[in-house]
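Descriptive analysis of the structure
Read off the chains here:
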Amino acid sequence: MMTEIEYEVREQDLLAFNDHQLKNSQGLQKVLRRHQGIVPGVLAVLSMFLWFYYQDTLSAIYVAVTAVAWGLLTPVFLKWQMRQRIRKMYSDADMAAVLGKYKLRSEQDALVEVSRVGESRVSWADILRIDVIKGYVFIFVTLDTALIVPYATVKTGDLREFLKDADARLEQAA
């Protein structure tokens, strides 16, 4: 049985893929924990020191508020900063090549991707994994490259049926 889906990849979908990659990045998670835990912790200790040792309530409150704000706003800032870096990583030509309409076809021996630049085949044995998250399917062909399938833009075909077929073919290839 051969299944096929047709969909479109937009800029927001590319950013969602990069967000997914960053959430699974050990290095970024370490930086985030440091900024959410250690820095506010040091500031909280400083706040208590100001309050108990110097009896400076106003300064202690300022430092405590800064600690709370730092802990809460750091993830938002880091996500914004990473998105800006990702946007700068892709040239207009790269964006034009990645974004647009795609067809994925599940065949016996390979997954076939059809885009405006042509047709490419990926052997089922070469597919590393399929991540299904809220709103997206990522079919990883390398550790940091995936076919991005947004649920919202699937125009033709049944995505659930396609995923069942793809899972079965991946199991056979393993």
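Everything below is about the structure printed above this text.
An account of the accompanying structure is given in this report.

Quick notes on the rules
- Residues numbered from 1 in each chain as written.
- Predicted model: local features only at pLDDT ≥ 70, side-chain atom pairs only at ≥ 80, totals over all residues.
- Heavy atoms only, no water.
- Helix = DSSP H or I, 4+ residues; strand = E, 2+ residues; numbered from the N terminus.
- Expected span 1.5 Å × (residues − 1).
- Bend = angle between axes of the 7 residues up to and from the residue.
- Buried < 20%, exposed > 50% of the residue type's maximum accessible area, 1.4 Å probe, protein only.
- Contact = heavy atoms within 4.5 Å.
- Pairing = 2+ DSSP bridges.
- Patch = residues over 30% accessible without salt bridge, like charges linked within 9 Å, V, L, I, M, F, W, Y side chains within 5 Å.
- Areas by Shrake-Rupley, 256 points an atom, 1.4 Å probe, with all protein chains shown as cover.
- Salt bridge = Lys/Arg side-chain N within 4 Å of Asp/Glu carboxyl O.
- Core = buried A, V, L, I, M, F, W, Y, C linked by side-chain atoms within 4.5 Å.

Observations concerning helix H3 (residues 57–89)
Compared with the 48 Å implied by 1.5 Å per residue over 33 residues, the 46 Å span of H3 between its first and last C-alpha is a close match. At Leu 73, H3 shows its maximal kink, close to 40 degrees; a proline, Pro 75, follows between one and four residues later. Those residues of H3 that sit buried are Ala 60, Val 63, Ala 67, Gly 71, Thr 74, Leu 78, Met 82 and Ile 86. Against helix H1 (11–23) and helix H2 (26–53) lie the buried residues of H3.

Quick notes on the pairing of strand E4 (residues 118–123)
Across six bridges, strand E3 (residues 110–115) lies against E4 in antiparallel orientation. Among the inter-strand pairings, Leu 111 is bridged to a residue of E4, identified as Val 122. Between E3 and E4, which follow one another and run antiparallel, lie two residues.

Considering a nonpolar patch on the surface
Together, Val 45, Met 48, Trp 51 and Phe 52 make up an exposed nonpolar region whose accessible area comes to about 440 Å². By the secondary structure assignment, Trp 51 is in helix H2.

Examining the nonpolar core
Formed by 29 residues in total, the largest nonpolar core has its most connected members in Leu 104, Leu 111 and Ile 139. Those elements that provide at least two residues to this core are strand E1 (3–9), H1, strand E2 (100–106), strand E6 (136–142), strand E7 (145–150) and helix H5 (159–173). Discounting residues that sit within four places of it in the chain, Leu 104 has contacts with Thr 3, Glu 4, Ile 5, Tyr 7, Leu 111, Val 112, Glu 113, Ile 139, Leu 147, Val 149 and Phe 162.

Things to note about the environment of Lys 164
In this structure, Lys 164 sits in helix H5. Assessed through its relative accessible area of 57%, Lys 164 is described here as exposed.

Description of H2
Counted at 1.5 Å a residue, the expected span for H2 with its 28 residues is 40 Å, and the 39 Å between its end C-alpha atoms agrees. Every buried residue of H2 is accounted for by Leu 28, Leu 32, Pro 40, Leu 43, Ser 47 and Leu 50. Elements that come into contact with the buried residues of H2 comprise H1 and H3.

Remarks on the pattern of salt bridges
Between side chains of opposite charge, a pair can form as their charged atoms come close. A full pass over the atoms with the stated rule returns 11 salt bridges. With a closest N to O distance of 2.9 Å, Asp 13 and Arg 10 form a salt bridge. Relative accessible area serves as the criterion here: at 26%, Arg 10 is assigned to the partly exposed category. The residue Arg 169 makes a salt bridge to Asp 165 at a minimum N-O spacing of 3.3 Å. With Arg 169 and Asp 165 both in helix H5 and four residues apart, the pair spans about one turn of that helix. With respect to class, Arg 169 is no different from Asp 165; both count as buried. Among the ionic contacts, a cluster of salt bridges with common partners joins Glu 4, Arg 105, Glu 107, Asp 109, Glu 119 and Arg 121.

Focus on the side chain of Ser 115
Mapping Ser 115 onto the fold places it in strand E3. Setting aside its immediate chain neighbours within four residues, Ser 115 contacts Lys 101 and Tyr 102.

None of the figures reported here should be taken as evidence of function without further support.
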